[in-house]
Amino acid sequence: MFAAGGRGRRAAVELAGFLGPDAVVPDGPVGPALRTLWPRLGSAVFFLGTEATVRLVAPLLRDERSDPGVVCVDGGFAVALLGGADAVAERVADVLGVQPVTTSASADSPLDELVELLDATVDGDLAGCGAAVRAGEQVVLANPLGFPLPALPDNVIAKEAGGHESDWTVLVDDRVPRGPQPERLVRIVPRTLVVGVGSSTGVTASAVSAALAQLEEQRGLDLRAVRAFATLDRKVAEPGIADALEDWGFWHDSTTAPLLAYPGEELAVIPVPNPAELAIGIPSVAEASALRGAVQLSAGGRVEIAAEKVKGEGVTVAAARVLPRGRLALVGLGPGDADERTPRAEAELRRASVVVGSADCVAQVRHLLRPGTRVRTDGAVRLAEAGAAVAFVDAGAGPVVAGPIHADVIRVTGVTRQL
């Protein structure tokens, strides 16, 4: 934190107290202190006019990979001047109660990162909605399936809270909405579905494609949410199925949805809503293989039938859903110094909506947290099992928790010093 004058220095000291032990306010004139510290800085915040800040840092710039991020607090704004300092500017603005001004060329919003974290497809004007979020406009977020989301700005309001009017609505769901919809609707479509396919010998690709289309038209599923396909092992080489799935990948710009295959005896024991007496001697292929594939991809989580079987010409299809569940990241902070903290640890801290840890550990990383991140001293497992995205932090290699834990668990081991 660099400041000239008593008022600016008092503000810098106050901000440093919120940002944690890595934030320092050097004594003496700004210029000499800046030149001394520059090679070691991760970010620099100036309580100076924008022009004065530019003149101070310009002679020190080398390249965008090594230069620190620079934020200027000036006239009620926290301006990210360079070095990818948008996150720092947003954090500074949140603490000081001023308006953040982000200036990265990509101008990413929290929604862009949300799409990446969920590995999702977008339908609608994401850039326009993101601009509204950055401008502080109220945006309503609907998350009916309960995906564990990171902390979002205060102007992104959960639809479940009710009573909010907004020009923009964001819907996180794998289903096609029915009925009248808001004019400015952005749909974020995570990949949650496994589609099971059963067919007779010699089924045509057009028949399989038509049946897949019925999952959207009759059952209301968005086929961009398909994560994998599944079938009976002896049907993998069926040309009609292979060609139809290749066509699906082309039209949905996807080459990553695998075709999972399972033996008949494995599918025969899976309970399904619509068993039948099939010639191959098992009660289901489409529903059973969809459920079996979802179980395989769920890593122990819950699954459900998302669409019961649809019959076509020589083919049946059904869909199962991998239900979202909470996320618990066990994050080791290492010995305590910022340069000994792993990039993965910092990424998990920004992925979380709740950070749990001792006061000392949280103080080390508070400056890395998104605005709106909740902080708790305990209850990490309970919060994750309730559906939240939680980062549980501790010094050294990280926290240890006893299982079983009904949430997705990610371990980020911190470095330890060797004697």
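The rules behind these values
Residues numbered from 1 in each chain as written. Predicted model: local features only at pLDDT ≥ 70, side-chain atom pairs only at ≥ 80, totals over all residues. Heavy atoms only, no water. Buried < 20%, exposed > 50% of the residue type's maximum accessible area, 1.4 Å probe, protein only. Helix = DSSP H or I, 4+ residues; strand = E, 2+ residues; numbered from the N terminus. Pairing = 2+ DSSP bridges. Salt bridge = Lys/Arg side-chain N within 4 Å of Asp/Glu carboxyl O. Axes fitted to C-alpha atoms, helices over the stretch in contact; angles between N-to-C directions. Parallel < 35°, antiparallel > 145°, perpendicular 65-115°, else oblique. Left-handed = near helix turned anticlockwise from the far one by under 90°. Contact = heavy atoms within 4.5 Å. 1 Å grid on protein atoms, 1.4 Å probe; cavity = no way out; pocket = protein on both sides within 12 Å on 5 of 7 lines; lining within 4 Å. Points joined across faces, edges and corners; volume = space filled by probe spheres on them. Nonpolar A, V, L, I, M, F, W, Y, C, P; charged D, E, K, R; others polar.

Could you give an account of the pairing of strand S9 (residues 168–172), with specific residues and numbers?
The buried fraction of S9 amounts to 5 of the 5 residues, a majority that puts the element mostly inside the structure. Going residue by residue along S9, you find Trp168, Val170 and Val172 tucked away on one face and Thr169 and Leu171 tucked away on the opposite face as well. Two strands pair when backbone bridges link them, and S9 and strand S10 (residues 185–189) are joined in this way by 4 bridges, in the parallel orientation. Within S10, the residue paired with leucine 171 across the bridge is arginine 187.

How would you explain the sheet that holds strand S3 (residues 69–74) if you had to name every residue and give the values?
Strands in a sheet are paired, the pairing made by backbone hydrogen bonds, and the direction either parallel or antiparallel. Judged by pairing direction, the sheet is mixed, and its 5 strands sit side by side in the order S1-S2-S3-S4-S5 without closing on themselves. In this open sheet, the two strands that pair with only one neighbour each are strand S1 (2–3) and strand S5 (99–101). Where strand S2 (residues 43–47) lies against S3, 4 bridges are found, and the strand directions are parallel. Bridge pairing links alanine 44 to valine 70 in S3.

Hey, could you go over the pattern of salt bridges for me, with residue numbers and the actual values?
For the structure on display, the rule yields 20 salt bridges. A salt bridge links arginine 175 to aspartate 173; its shortest N-O distance comes to 3.1 Å. One continuous salt-bridge network, built from bridges that share partners, spans Asp173, Asp174, Arg175, Glu304 and Arg321.

Go over the packing of helix H1 (residues 6–19) against helix H4 (residues 86–96) with me, naming the residues and quoting the values.
Relative to each other, H1 and H4 sit at 110°, their axes nearing to 10 Å. Comparing the axis directions of H1 and H4 gives the class roughly perpendicular. Crossing of H1 against H4: the hand is right-handed. On the side of H1, the interface is formed by Leu15, Phe18 and Leu19, while H4 contributes Arg91, Val92, Val95 and Leu96.

Give me the layout of surface pockets: which residues, what numbers.
A volume near 590 Å³ is recorded for the second largest pocket. Along the walls of the second largest pocket sit 24 residues, with Leu117, Phe147, Arg227, Arg351 and Asp408 positioned nearest its centre. Of all the elements, helix H11 (residues 343–351) adds the most residues to the lining of the second largest pocket, at 3 residues. When the residues that make up the lining of the second largest pocket are grouped by side-chain class, the tally is 11 nonpolar, 4 polar and 9 charged.

How would you summarise the packing of helix H5 (residues 110–118) against helix H6 (residues 126–134) if you had to cite specific residues and measurements?
Contact geometry of H5 with H6 gives a least axis separation of 8 Å together with a crossing angle of 125°. With respect to each other, H5 and H6 are oriented oblique. Two secondary-structure elements touch here, H5 through Pro110, Leu111, Asp112 and Val115 and H6 through Leu126, Cys129, Gly130 and Val133. Split by residue class, the contact of H5 with H6 holds 6 nonpolar, 1 polar and 1 charged.

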